[in-house]
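Each chain, letter by letter, is given below.
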Amino acid sequence: MASITLQDVRKTYPNGQEAVKGISLDIADGEFVVLVGPSGCGKSTLLRMVAGLETITGGEVRIGDRWVNDLEPADRDIAMVFQNYALYPHMSVRQNLAYGLKNRKMPASEIERRISEAARALEIETYLDRKPGQLSGGQRQRVAMGRAIVREPAAFLFDEPLSNLDAKLRVSMRAEIRRLQKRLKTTSLYVTHDQLEAMTLADRLVVLNGGQVEQVGTPIEVYERP
Ligand code: ADP
Ligand code: ADP
């Protein structure tokens, strides 16, 4: 686990668009922080800078005790969960979960331990040998989360992971993510434009507007304050 610190983080795209205009934020060890705000407010840009998928044009990002501005995504000890599941269609669920770990030359026994634990946590044990095409949308989304969990990262970064699911599934996956958070207590930064999703999941909400922080607080402080 690790804390995440943003110090006056900025992003100006090559076309001159100022997407993020100086954001400072401390995310504690084990805390679940949701970035929420209207389309175009800079959520995704900010998350992608923490992930290393977008260059940082100002300020600093720290994950745990490392300043990561110059580190590749793979060296940042984070795992991302996206809305498109990005599973390999020709591989079984088990192979999908094992793939990234095999690339890191991890011993087979350790890979097996991690897959068993993730499968138990996500209740996907019964379909480890199926291919993604044989799974429902919700099951595929669980496997996508499984791929993040088996990495045992210092932090999870979620980029609107539920936005492709139908309303009913979204509600049940929300509950699933909350349950996982209680169990794993991994530091998480979660992006959504859905206020209900934000309220249900967040320990703390960060409301962005126009590339800046508009409000920070618990869901009750942000949404229920008179
Ligand atoms: P959100 O995730 O909140 O919808 P984004 O971070 O995607 O917002 O975008 C923030 C702003 O930056 C928007 O005005 C968007 O149009 C702009 N933007 C996003 N990506 C690029 C890019 N590659 N080049 C130029 N502008 C971009
Ligand atoms: P691939 O990304 O090709 O499916 P890997 O899991 O080996 O297969 O990932 C390639 C690179 O991307 C590795 O450096 C790995 O650390 C990184 N990576 C893989 N999955 C994630 C993830 N969920 N979040 C962040 N980085 C990831």
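Throughout, residues of each chain are indexed from 1 in the direction in which the sequence is written. Going through the entries in the order they are written, you letter the chains from A and number the ligands from 1. Predicted model: local features are reported for residues with pLDDT of at least 70 only, side-chain atom pairs are reported and counted for 80 or more only, and whole-chain, interface and lining totals are derived from all residues. Water and hydrogen atoms were dropped before computing side-chain values, which therefore reflect all heavy atoms in the structure.

**Observations regarding the site of ligand 1**
Applied cut-off: Any residue with at least one heavy atom within 4 Å of a molecule or strand is counted as near it. Identification of polar contacts relies on pairs of N or O atoms within 3.5 Å, with a donor-acceptor requirement for protein atoms, meaning one able to donate a hydrogen and the other able to accept it, and with residues adjacent in sequence counted only if both atoms are side-chain atoms. Gly falls in the polar group here, along with every residue not listed as nonpolar (Ala, Val, Leu, Ile, Met, Phe, Trp, Tyr, Cys, Pro) or charged (Asp, Glu, Lys, Arg).
All residues in the neighbourhood of ligand 1 are listed as Y13, N15, Q17, A19, P38, S39, G40, C41, G42, K43, S44 and T45. Taking K43, its side chain carries an N or O atom lying 3.0 Å from an oxygen atom of ligand 1. Its residues assigned to classes, the shell around ligand 1 comprises four nonpolar, seven polar and one charged.

**Some remarks on the pairing of strand β4 (residues 58–63)**
On a regular strand, each side chain points to the face opposite its neighbour's, so the side chains alternate between the two faces of the sheet. Convention followed: Strands pair, by our definition, only if DSSP identifies at least two bridges between them. Counting from the N terminus, the helices are DSSP H or I runs at least four residues long and the strands are E runs at least two residues long.
Relative to β4, strand β1 (residues 4–12) runs antiparallel, the two being bridged by five bridges. When the sheet's bridge partners are listed, L6 is paired in β4 with V61. Bridging between β4 and strand β5 (residues 66–67) involves two bridges; their strand directions are antiparallel. If you follow I63 over to β5, its bridge partner there is R66.

**A closer look at the site of ligand 2**
Counted only if it meets this: The accessible surface values rely on the Shrake-Rupley method and a 1.4 Å probe; as for residues, cover is taken only from the protein chains in view.
For ligand 2, the full set of nearby residues is A74, I78, A79, M80, Y88, Y99, G100, N103, R147 and R151. Between an oxygen atom of ligand 2 and a side-chain N or O atom of Y88, the distance comes to 2.4 Å. Interatomic distance of 3.1 Å between a side-chain N/O atom of R151 and an oxygen atom of ligand 2. With the chains in place, 64% of the 520 Å² that ligand 2 exposes on its own is no longer accessible. Elements supplying a minimum of two residues to the shell around ligand 2: β6 (78–81) and α2 (93–103). For the shell around ligand 2, the residue count by class is six nonpolar, two polar and two charged.

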